[in-house]
Amino acid sequence: MSKIELNAKQKAVIQKYLNGEYSPFLSHEEDQEAINQVLDMANDLEEELDAYDESGDDLVKWFWEQYQKQEQQ
């Protein structure tokens, strides 16, 4: 698996998303760019791992869980 590398802005926007505080309609452009970067990385990882069933309905949550597992190792 490729190493997941997130910058502070990407981590912050993931936390906003997971806490229900992120809205694509009300967010700043920087947050929108960060979540798009996260989604691109998540899609790439999902494809790399062939994890379409595993990722379920929430790709960002799945990606964050993968990141957390990586950081614990």
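The following refers to the structure shown. It should be emphasised that the depicted structure is a prediction, and the values quoted were computed from it without experimental measurement.

Reading the values: rules and limits
- Residues numbered from 1 in each chain as written.
- Predicted model: local features only at pLDDT ≥ 70, side-chain atom pairs only at ≥ 80, totals over all residues.
- Heavy atoms only, no water.
- Helix = DSSP H or I, 4+ residues; strand = E, 2+ residues; numbered from the N terminus.
- Buried < 20%, exposed > 50% of the residue type's maximum accessible area, 1.4 Å probe, protein only.
- Contact = heavy atoms within 4.5 Å.
- Salt bridge = Lys/Arg side-chain N within 4 Å of Asp/Glu carboxyl O.
- Core = buried A, V, L, I, M, F, W, Y, C linked by side-chain atoms within 4.5 Å.
- Patch = residues over 30% accessible without salt bridge, like charges linked within 9 Å, V, L, I, M, F, W, Y side chains within 5 Å.
- Areas by Shrake-Rupley, 256 points an atom, 1.4 Å probe, with all protein chains shown as cover.
- Lys, Arg positive; Asp, Glu negative; His and termini not counted.
- Charge placed at Lys NZ, Arg CZ, Asp CG, Glu CD.

Time to look at the environment of Leu-18. One can find Leu-18 in helix H1 (residues 8-18). The class of Leu-18 is partly exposed, set by a relative accessible area of 33%. Separated by 24 residues in sequence, Leu-18 and Ala-42 have C-alpha atoms that sit 15 Å apart. Residues contacting Leu-18, with those up to four places away along its chain left out, are Lys-61 and Trp-64.

Between side chains of opposite charge, pairing is possible as soon as their charged atoms come close. Counted by the stated rule, this structure contains two salt bridges. For Asp-31, the salt bridge is made with Lys-9, and the minimal N-O distance between the two is 2.7 Å. In this pair, Asp-31 is assigned in helix H2 (residues 29-49) and Lys-9 in helix H1, connecting sequence segments 22 residues apart. Assessed through its relative accessible area of 3%, Asp-31 is described here as buried. Members of the salt-bridge network, linked through shared partners, are Lys-9, Lys-16 and Asp-31.

Our next topic: the nonpolar core. Membership of the largest hydrophobic core comes to 17 residues, with the highest contact counts inside it found for Ile-4, Leu-6, Ile-14, Trp-62 and Phe-63. Contributing elements (two or more residues each) for this core: H1, H2 and helix H4 (59-72). Setting aside anything within four residues of it in sequence, one finds Ile-14 in contact with Leu-6, Val-38, Val-60 and Trp-64.

On the surface, Asp-40, Asp-44, Glu-47, Glu-48, Asp-50 and Asp-53 cluster together into a patch of negative charge. With four residues, the single largest contributor to the negative patch is H2. In this fold, Asp-44 is placed in helix H2. Relative accessible area serves as the criterion here: at 53%, Asp-44 is assigned to the exposed category.

These figures capture arrangement, not role.
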